[in-house]
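Structural overview
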Amino acid sequence: EGNRFDITVESIWLPDPDDDGGFLGVDSRRTPKLVPFPKHDKDSWRLSQGFYHILAGETFNMPAGVFGTVKSRRTIFGFSGFVVGTDIAPGYNGQIYCGIVVMAPKAFTIQQGARFASVRFASVDAEGTVPYQGIWGGKKLSTDGEERGF
């Protein structure tokens, strides 16, 4: 619809309970390792209060003059939840993952392939835009050990 694009659930992840929690420094960072969240049945997950990482099923190839912003779909608010996402930078190439925070006292079920968020696109001055140079392109879910922090 217009300048937005719905994104779907490919998989759901949780921080590895055996991981030390990560590190965010000035010159380096290490994010927590993630492990798959077990499915409730063959194609869905049961989400109770907490924080989850959702890998979106779509791959983005952002042009130099366009960025995207992730927003919750209204239905997620109906479950007393919200999606936490970051901007998708100009030049980014790969899948994205977002957080979903469930605050309701009752769990809900989310099916693989369900639309959970939208990406809204906007243009930027491509002349003054530095293309994405970060480490998160592709299908990366966490750092591989300690990596550069900028």
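Structure first, text after, so check above.
Residues numbered from 1 in each chain as written. Predicted model: local features only at pLDDT ≥ 70, side-chain atom pairs only at ≥ 80, totals over all residues. Heavy atoms only, no water.

**Some thoughts on the packing of aromatic side chains**
Selection rule: Pairing of aromatic rings covers Phe, Tyr and Trp, the last counted by its six-membered ring, and requires centre-to-centre distances within 6.5 Å; plane angles under 30 degrees mean stacked, over 60 mean edge-to-face, and any other angle means tilted. Secondary structure elements follow DSSP: runs of H or I no shorter than four residues count as helices, runs of E no shorter than two count as strands, and numbering proceeds from the N terminus. Relative accessible area decides the class of each residue, using a 1.4 Å probe on protein chains only: under 20% of the type maximum gives buried, over 50% gives exposed, and in between gives partly exposed.
Enumeration according to the criterion identifies 3 aromatic pairs in this entry. Summarising the aromatic geometry, the rings of Phe 79 and Phe 108 are spaced 4.3 Å apart at their centres and angled 5 degrees between planes, so their arrangement reads as stacked. Placement of Phe 79 in the loop between helix 1 (74–78) and strand 8 (81–84) and of Phe 108 in strand 11 (residues 108–111) is noted, with a sequence separation of 29 residues between them. According to the relative accessible area criterion, Phe 79 is partly exposed, its value standing at 33%.

**Let's talk about a nonpolar patch on the surface**
As a reminder of what qualifies: Exposure above 30% relative accessible area and the absence of a salt bridge qualify a residue for a patch, where like charges join within 9 Å and nonpolar side chains (Val, Leu, Ile, Met, Phe, Trp, Tyr) within 5 Å. The accessible surface values rely on the Shrake-Rupley method and a 1.4 Å probe; as for residues, cover is taken only from the protein chains in view. Any carboxyl oxygen of Asp or Glu that lies within 4 Å of a side-chain nitrogen of Lys or Arg is treated as forming a salt bridge with it.
Side chains of Phe 51, Phe 77, Phe 82, Val 84 and Met 103 sit close together on the surface and give an oily, nonpolar patch of about 460 Å² of accessible area. Here Phe 82 falls in the partly exposed class, since its relative accessible area comes to 32%.

**Brief notes about the pairing of strand 1 (residues 4–15)**
Which entries qualify depends on this criterion: Pairing between strands requires that DSSP locate at least two bridges from one strand to the other.
As judged from the 5 bridges shared by strand 1 and strand 12 (residues 115–123), these two strands associate in the antiparallel manner. Along strand 12, the bridge assignment pairs Asp 6 with Ser 118. With 4 bridges connecting them, strand 1 and strand 6 (residues 50–61) associate as antiparallel partners. From the neighbouring strand, Trp 13 faces strand 6, where its bridge partner is His 53. Bridge analysis of strand 1 against strand 4 (residues 34–36) gives 3 bridges, and the strand direction is antiparallel. Counted as the bridge partner of Leu 14 is Val 35 from strand 4.

Take it as geometry only, folks, not as evidence of what the structure does.
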